[in-house]
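Results of the structural survey
Listed below are the residues making up each chain.
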Amino acid sequence: RGEFVGVLTVHYRAPRAPAERELRWAALYAPLAAHLIERRRAEEVLREGEERLRLAVAVGGLGTWDWDVPTGRVVWNDEHFAMQGY
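Residues numbered from 1 in each chain as written. Predicted model: local features only at pLDDT ≥ 70, side-chain atom pairs only at ≥ 80, totals over all residues. Heavy atoms only, no water.

**Topic: the pairing of strand 2 (residues 73-76)**
Pairing of strand 1 (residues 65-68) with strand 2, which is carried by four bridges, proceeds in the antiparallel orientation. Bridge assignment links Trp67 to a residue of strand 2, and that residue is Val74. Connecting the antiparallel pair strand 1 and strand 2 is a turn made up of four residues, with Gly72 showing a positive phi of about 80°. (Pairing = 2+ DSSP bridges. Helix = DSSP H or I, 4+ residues; strand = E, 2+ residues; numbered from the N terminus.)

Okay, here's the thing in structure tokens:
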């Protein structure tokens, strides 16, 4: 997409020009490396958001529940149980 996400480097024991075959391999690995870097960044953003939500719920004393409609699975936090008198 034209944006800088990282650097893919190849190191040799002695100075030399890479062979055409090696350049093709690097061209194949570059998009994979970019995808892995972007995925790692997205996972970190998700973890940070989850932590902010956890802190907000704890500080606010909020009761929460999640319902996965397709599976029917429902999960409540402890505060929700306390609010309901359980």
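**Points about the packing of aromatic side chains**
Overall, the coordinates contain three aromatic pairs when judged by the stated rule. The interplanar angle of 70° and the centroid separation of 6.0 Å between the aromatic rings of Phe81 and Tyr86 together place this pair among those described as edge-to-face. For Tyr86, a relative accessible area of 70% gives the class exposed. Three or more aromatic residues joined by ring pairs make a cluster, and in this case those are Trp76, Phe81 and Tyr86. (Phe/Tyr/Trp six-rings, centres within 6.5 Å; stacked < 30°, edge-to-face > 60°. Buried < 20%, exposed > 50% of the residue type's maximum accessible area, 1.4 Å probe, protein only.)

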